[in-house]
Amino acid sequence: GKIILEYEMQNKRMGDYLYNLLFGYDINDRYIEKISQQFGINFTTPCRVGIIVADRKYGINLEQDEHIYEYYANYLNQEVMAMEGKPMFLRFLNKFVLLFEHELEKVLQKIDASPQFHGTIRSTCILGGIYTNPADFGTSYQEAKRLIPKKDILPNPKHKKVLSATAMGIYQYLFNNDN
């Protein structure tokens with residue numbers, strides 16, 4: 001019980017810090033140093049924000065569907081925390097937000113292929129731009145957020161789980177505004 005509670009408190013603290021980074025609170029050197037020390041994150045390397053959107057198929061039993069989604073969220077959290085570099089992770093509304101610098105494609109493929117989720121939950125991660133200044137991570141979040149409604153019409157011939165505006169070529173200019 002104590003280990004689970006400590007794990008949840010660590011996730012909540014990390015989520016709170018990430019929320020502050022993304023939504024424009026005063027980001028100064030002292031704040032960045034505090035986050036770096038507490039979570040062992042090196043902000044001298046470029047990072048980007050990724051928003052994982054989980055598309056669900058609903059069945060007859062909505063309570064069971066919600067239970068599967070909660071299990072998915074916990075499983076995703078566990079896999080992300082096991083990633084190299086331990087990215088910052090936040091569950092925000094019905095999305096999962098990460099600040100990271102490492103590969104996510106294999107993690108999402110593994111989770112979506114798991115028997116308990118295959119056919120019911122399909123996730124996609126939309127990436128914002130890469131930035132080195134922590135004060136710009138909110139911009140990366142906004143770039144990713146703008147693409148979420150368009151994720152199903154983005155060119156994705158290889159059916160990748162991770163999509164980014166920078167990898168879209170000319171399409172990024174078509175989706176640059178809110179239309």
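Our subject is the structure that appears above.
### Quick word on the pairing of strand 2 (residues 88-92)
Looking at chain direction, strand 2 and strand 3 (residues 95-100) are connected through 5 bridges and run antiparallel. Each bridged residue has a counterpart across the sheet, and for L90 the counterpart in strand 3 is V97. Connecting strand 2 to the next strand, strand 3, in antiparallel fashion are 2 residues, including L93 with a positive phi near 55°.

### Details of the sheet that holds strand 5 (residues 162-164)
Strand order across the open sheet formed by 5 strands is 2-3-1-4-5, with mixed pairing between neighbours. Among the strands making up the open sheet, the edge pair consists of strand 2 and strand 5. Geometrically, the sheet is characterised by an average inter-axis angle of 25° between neighbouring strands, direction not taken into account. Bridge analysis of strand 4 (residues 121-131) against strand 5 gives 3 bridges, and the strand direction is parallel. Looking at strand 5, one finds that C125 is bridged to V162. The strands touched by helix 5 (residues 137-147) within the sheet are strand 1 (47-56), strand 2, strand 3 and strand 4, with strand 4 carrying the most contacts at an inclination of about 140°.

### Structural notes on the packing of aromatic side chains
Inspection of every chain in the model, using the stated rule, returns 13 aromatic pairs. Where Y72 meets F117, the ring centres are 5.0 Å apart and the plane angle is 90°; that geometry is what we call edge-to-face. Of this pair, Y72 sits in helix 3 (residues 62-81) while F117 sits in the loop between helix 4 (105-113) and strand 4, placing them 45 residues apart in sequence. A relative accessible area of 0% means that Y72 is categorised as buried. Of the residues examined, F117 reaches a relative accessible area of 0% and is grouped as buried. One aromatic cluster in this structure is built from Y69, Y71, Y72, Y75, F89, F96 and F117.

### Quick notes on the nonpolar core
Ranked by size, the top nonpolar core spans 50 residues in total, and within it F43, L76, M88, F96, L99, L104 and F137 carry the most contacts. Considering each element in turn, this core owes the most residues, 7 residues, to helix 3.

### Some points on the environment of N11
Relative to the helices and strands, N11 is located in helix 1 (residues 2-22). Setting aside chain neighbours within four positions, we find N11 in contact with N77, M81 and F89.

### Brief notes about the pairing of strand 3
In terms of residue burial, strand 3 counts as a mostly covered element, since 5 of its 6 residues are buried. Pairing between strand 1 and strand 3: 6 bridges, direction antiparallel. From the neighbouring strand, R48 faces strand 3, where its bridge partner is F100.

### Quick word on the pattern of salt bridges
Should their charged atoms come close, side chains of opposite charge can pair. Within the structure shown, the criterion is met by 7 salt bridges. A salt bridge links D16 to K12; its shortest N-O distance comes to 3.1 Å. Within this pair, D16 and its partner K12 are both found in helix 1, separated by 4 residues, close to a single helical turn. Residue classification places K12 among the partly exposed residues on the basis of a relative accessible area of 48%. For K151, the salt bridge goes to D55, with nearest N and O atoms at 2.6 Å.

### Quick notes on helix 3
The terminal C-alpha atoms of helix 3 lie 28 Å apart, and with 20 residues this matches the ideal 28 Å at 1.5 Å per residue to within 8%. Among the residues of helix 3, those classed as buried are D65, Y69, Y72, A73, Y75, L76, N77, E79, V80 and M81.

Rules of the game
Residues numbered from 1 in each chain as written. Predicted model: local features only at pLDDT ≥ 70, side-chain atom pairs only at ≥ 80, totals over all residues. Heavy atoms only, no water. Pairing = 2+ DSSP bridges. Helix = DSSP H or I, 4+ residues; strand = E, 2+ residues; numbered from the N terminus. Axes fitted to C-alpha atoms, helices over the stretch in contact; angles between N-to-C directions. Contact = heavy atoms within 4.5 Å. Phe/Tyr/Trp six-rings, centres within 6.5 Å; stacked < 30°, edge-to-face > 60°. Buried < 20%, exposed > 50% of the residue type's maximum accessible area, 1.4 Å probe, protein only. Core = buried A, V, L, I, M, F, W, Y, C linked by side-chain atoms within 4.5 Å. Salt bridge = Lys/Arg side-chain N within 4 Å of Asp/Glu carboxyl O. Expected span 1.5 Å × (residues − 1).

Taken by themselves, the reported measurements are silent on function.
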